[in-house]
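The primary structure of each chain is shown beneath.
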Amino acid sequence: MATTARELFEHELRDAYDAEHRLVDSLKEMSSKVTDPELTKAFDLHREQTQRQIERLETVFSSIDFKPERESCKGIKGLITEFKEFTKEENSSTEVLNFFAAVSAKKVEHYEIVAYESLMQLARQLGLRDAQASLRENLAEELATADQLQGMSEKLLTELT
Ligand SMILES: [Fe+2]
Ligand SMILES: [Fe+2]
C-alpha cells in the first residue's frame, strides 16, 4: 500500500527498474527482427543506453538506502507483447515490420518519458536531489530516442506501398 509521496516514489522506481530490464531483452529481439540498418543500429545503441539506465536506477535506489527491486511493469509488458504477437501472427512484409517496429519502440519511449517525468516530480517534491540528477539523465536519453525514432518512422513510412 502506498499512502505517501515517498511510498509512491519507491513503487514507481521499482516499476521503472523492471521496465528497463524487460527492455534490454526486448530491444535485442526487435533489433534482430528488422532489416533497416539504421533502425538496427538505433535499437542496439538504445539497448546499451538502457543497460546504463539500469545502473543509474541502482544509484537512485542506493541514494534512498533501498535495495534495488523489480515490480512488474504491466504497461511495458503489454507493449512488448503487442510487438511479439504482431510479428508472430501477421506475416507482414519487411517494410511493414520495419515501420511497425519503429512505432512500437516509439510507444515504449513515450511511456518511459512519462514514467521518468513523474518520478522526477516526486523526487523534486521529496527533495531528493541526487535521484533527480540520475533520473534527468535517463529522461534525456528517452527523449532523444523518441525523437530519433520519429524521424526514422517518417523515412520508413515512405517505403510502404
Ligand atoms: Fe529506458
Ligand atoms: Fe527507452
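Our structure is the block above this text.
All figures in this text were calculated on a predicted structure; none of them were measured in a lab. (Residues numbered from 1 in each chain as written. Chains lettered and ligands numbered in written order. Predicted model: local features only at pLDDT ≥ 70, side-chain atom pairs only at ≥ 80, totals over all residues.)

(A) Here's a closer look at the overall build of the protein. Scanning the protein from N- to C-terminus turns up 5 helices and 0 strands. For the protein, the α and β elements follow one another from N to C terminus as α-α-α-α-α. For the protein, the spread of C-alpha atoms along the three principal axes comes to 50 × 25 × 20 Å. The burial tally for the protein puts 32% of its 161 residues in the buried class. Long-range pairs, those at least 24 residues apart, make up 79% of the contacts in the protein with a sequence separation of at least 6. (Helix = DSSP H or I, 4+ residues; strand = E, 2+ residues; numbered from the N terminus. Buried ≥ 20, exposed ≤ 12 C-beta atoms within 10 Å, placed from the backbone. Contact = placed C-beta atoms within 7 Å.)

(B) Spatial organisation of unusual backbone geometry. We note that D65 has phi near 55°; this positive angle belongs to a residue other than glycine. Note that D65 resides in the loop between α2 (37–63) and α3 (74–89). Unlike most non-glycine residues, N91 shows phi in positive territory, near 50°. Structurally, the position occupied by N91 is in the loop between α3 and α4 (94–125).

(C) Up close: the nonpolar core. Judged by nonpolar contacts, the single largest core of 38 residues is most densely connected at A101, A102 and L119. Those elements that provide at least two residues to this core are α1 (5–33), α2, α3, α4 and α5 (129–157). Residue contributions to this core peak at 12 residues, all from α4. (Core = buried A, V, L, I, M, F, W, Y, C linked by C-beta atoms within 7 Å.)

(D) Structural view of α1. Helix length check: α1 (29 residues) gives 40 Å between terminal C-alpha atoms against 42 Å at 1.5 Å per residue, within 8%. If you check which residues of α1 are buried, you get F9, L13, A16, Y17, A19, E20, L23, S26, L27 and M30. Packing partners of the buried residues in α1 comprise α2, α3 and α4. (Expected span 1.5 Å × (residues − 1).)

(E) Layout of the environment of H110. One can find H110 in helix α4. With 36 residues separating them in the primary sequence, H110 and A146 have C-alpha atoms 6.9 Å apart.

(F) Expanded view of the environment of T87. Residue position: T87 is located in helix α3. Between the C-alpha atom of T87 and that of A101, which follows or precedes it by 14 residues, the distance is 9.2 Å.

(G) Molecular detail of the packing of α2 against α5. For the pair α2 and α5, interaxial distance at closest approach is 9 Å and the crossing angle is 165°. Between α2 and α5, the interaxial angle falls into the category roughly antiparallel. Of the two elements, α2 crosses α5, and the hand of that crossing is left-handed. When α2 is examined against α5, the residues E38, L39, A42, H46, Q49, Q53, R56, T59, V60 and S63 are found in contact with a partner set consisting of D130, A131, S134, L135, E137, N138, E141, T145, Q148, L149 and M152. (Axes fitted to C-alpha atoms, helices over the stretch in contact; angles between N-to-C directions. Parallel < 35°, antiparallel > 145°, perpendicular 65-115°, else oblique. Left-handed = near helix turned anticlockwise from the far one by under 90°.)

(H) Broad picture of the packing of α1 against α4. Relative to each other, α1 and α4 sit at 160°, their axes nearing to 10 Å. Considering their axes alone, α1 and α4 lie roughly antiparallel with respect to each other. In this structure, α1 meets α4 at a crossing whose hand is left-handed. Contact residues: α1 offers A5, L8, F9, E12, L13, A16, A19, L23, M30 and K33, while α4 offers L97, A101, A105, V108, E112, A115, S118, L119, L122, A123 and Q125. Looking at the contact of α1 with α4 residue by residue, the class counts come to 16 nonpolar, 2 polar and 3 charged. (Nonpolar A, V, L, I, M, F, W, Y, C, P; charged D, E, K, R; others polar.)

(I) Main features of the environment of S31. Residue position: S31 is located in helix α1. Judged by C-beta crowding, with 19 C-beta atoms within 10 Å, S31 ranks as partly exposed. Residues S31 and K41, spaced 10 residues apart in sequence, show a C-alpha to C-alpha distance of 7.8 Å. Aside from chain neighbours lying at most four places away, what touches S31 is T40, F43 and D44.

Treat this as a map of the structure, not an account of what it does.
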